[in-house]
Amino acid sequence: MATTSQQLMMVGQRTARYGIPQPYIEVRFPKDTRQRTLDAALHRLYADIELATPESESWDVRIEQLPDVFNFSGGRVYLELAEGTPVEAERAMALLKRLVG
């Protein structure tokens, strides 16, 4: 997925409840970005992840809006892993990194 000069995308992984890995792509825009632009970017990213996910995977794709911080507004598209194993987390992270390029 290509980024605009004003958009920043980062791949990461946090720990969800019960210690389950939660891979994500975070999208940040300048604080004055229209909410529709942010929503569209998150939904496009959601669709890209869904389409790139192999049929053999059972994780769920979710969108999360993030509160405005400093000079940025943004959101995150993350994966709720089905098994939560390190192997599944590695596959998920590899897929997300491929999409961000």
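Everything here concerns the structure above.
Notes on the structure follow. (Residues numbered from 1 in each chain as written. Predicted model: local features only at pLDDT ≥ 70, side-chain atom pairs only at ≥ 80, totals over all residues. Heavy atoms only, no water.)

## Focus: the overall build of the chain
In terms of helices and strands, the chain carries 2 helices and 4 strands. N-terminal to C-terminal, the α/β element order of the chain is β-β-α-β-β-α. When its C-alpha atoms are laid out on the principal axes, the chain stretches across 40 × 25 × 20 Å. Put simply, 54% of the contacts in the chain that link residues at least 6 apart link residues at least 24 apart. Within the structure as shown, the chain displays about 6300 Å² of accessible surface, and the carbon and sulfur contribution to it stands at 50%. (Helix = DSSP H or I, 4+ residues; strand = E, 2+ residues; numbered from the N terminus. Contact = heavy atoms within 4.5 Å. Areas by Shrake-Rupley, 256 points an atom, 1.4 Å probe, with all protein chains shown as cover.)

## Remarks on the pattern of salt bridges
Within this structure, the stated rule accounts for 7 salt bridges. Linking R14 and E64 is a salt bridge whose minimum nitrogen-to-oxygen distance equals 3.0 Å. Of this pair, R14 sits in strand β1 (residues 8–15) while E64 is found in strand β3 (residues 60–69), placing the two residues 50 residues apart along the sequence. Among the residues examined, R14 registers a relative accessible area of 27% and is labelled partly exposed. When the shortest N-O distance is used, the salt bridge between R91 and E57 registers 2.5 Å. In this pair, R91 sits in helix α2 (residues 86–100) while E57 sits in the loop between α1 (35–52) and β3, placing the two residues 34 residues apart along the sequence. R91 gets classed as partly exposed once you look at its relative accessible area, which sits at 36%. (Salt bridge = Lys/Arg side-chain N within 4 Å of Asp/Glu carboxyl O. Buried < 20%, exposed > 50% of the residue type's maximum accessible area, 1.4 Å probe, protein only.)

## Overview of the pairing of strand β4 (residues 72–80)
For β4, the tally of buried residues reaches 7 of 9 residues, placing the bulk of the element in the interior. With 7 bridges joining them, strand β2 (residues 21–30) and β4 adopt antiparallel strand pairing. The residue bridging P30 from the neighbouring strand is F72, located in β4. For β3 and β4, the ladder comprises 8 bridges, and the chain directions are antiparallel. Pairing of Q65 across the sheet is with G75, part of β4. (Pairing = 2+ DSSP bridges.)

## Structural notes on the environment of A16
For A16, the position within the fold is in the loop between β1 and β2. Accessibility expressed as a relative area gives 25% for A16, which makes it partly exposed. Through-space distance from the C-alpha of A16 to that of E80 is 8.6 Å; in sequence the pair is 64 residues apart.

## Structural notes on the environment of V27
Mapped onto the elements of the fold, V27 is located in strand β2. Among the residues examined, V27 registers a relative accessible area of 1% and is labelled buried. Through-space distance from the C-alpha of V27 to that of G12 is 11 Å; in sequence the pair is 15 residues apart. Other than its neighbours up to four places away in sequence, V27 contacts Q7, L8, M9, L42, L45, S73, G74 and G75.

Everything listed here is a matter of coordinates, which is why it stays silent on function.
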